[in-house]
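Summary of the model geometry
If you want the building blocks of each chain, they are given just below.
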Amino acid sequence: MTQKKLKHEQVQYIEFLSRDLARAKNFYTSCFGWKFTDYGAEYTAFEGDYLDGGFTIGEPVKGSILVILYSKDIESSKNKVISAGGIIVKDIFEFPGGKRFQFTDPDGYELAVWSE
């Protein structure tokens, strides 16, 4: 991974479990253009400007943490999620400061996308 300045006590890395790493990589590349680096057969990492993360083989379980992505064009992001096989679980709705939608990925993780 590229050396970057890390901010003290800020979220820097998130890790997901996936039943199928190739499917997870395809989904997130299709939706959001994430780039991946494989580290063996059971781990793949992605790198972003603000947050890094990875996927490892395992059985996903719905948790209480909601990962929220930012989008400049929420309709376009929603369409990419649907095209890549994601399922919209909460359609676009407004909240103070913007709007967002929530979806599940092919492993069943629920994420959200927000926009101003």
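Details of the structure are given in the entry above.
Just so it is clear, the model here is predicted, and its values are computed rather than measured.

1. With respect to helix H2 (residues 74–83)
Residues of H2 that are buried include every one of Ile74, Ser77, Lys78 and Val81, and no others. Here the buried residues of H2 occupy an arc of 100° about the axis, which is enough to place them on one side. The inward-facing, buried residues of H2 contact helix H1 (21–32), strand S6 (87–95), strand S7 (98–104) and strand S8 (110–115). Gly85 lies just past H2 and shows a positive phi near 105°.

2. Examining the sheet that holds strand S3 (residues 43–46)
In spatial order, the strands read S1-S4-S3-S2; together these 4 strands make up an open sheet with mixed pairing. Every other strand in the sheet has two partners, leaving strand S1 (13–18) and strand S2 (36–38) as the edge strands with one partner each. Taking each pair of neighbouring strands and ignoring which way they run, the sheet shows an average axis angle of 20°. Its contacts with the sheet put H1 on S1, S2, S3 and strand S4 (52–57), and the angle it makes with S4 is roughly 150°.

Calculation criteria
- Residues numbered from 1 in each chain as written.
- Predicted model: local features only at pLDDT ≥ 70, side-chain atom pairs only at ≥ 80, totals over all residues.
- Heavy atoms only, no water.
- Buried < 20%, exposed > 50% of the residue type's maximum accessible area, 1.4 Å probe, protein only.
- Helix = DSSP H or I, 4+ residues; strand = E, 2+ residues; numbered from the N terminus.
- Arc of directions from axis to C-beta.
- Contact = heavy atoms within 4.5 Å.
- Pairing = 2+ DSSP bridges.
- Axes fitted to C-alpha atoms, helices over the stretch in contact; angles between N-to-C directions.

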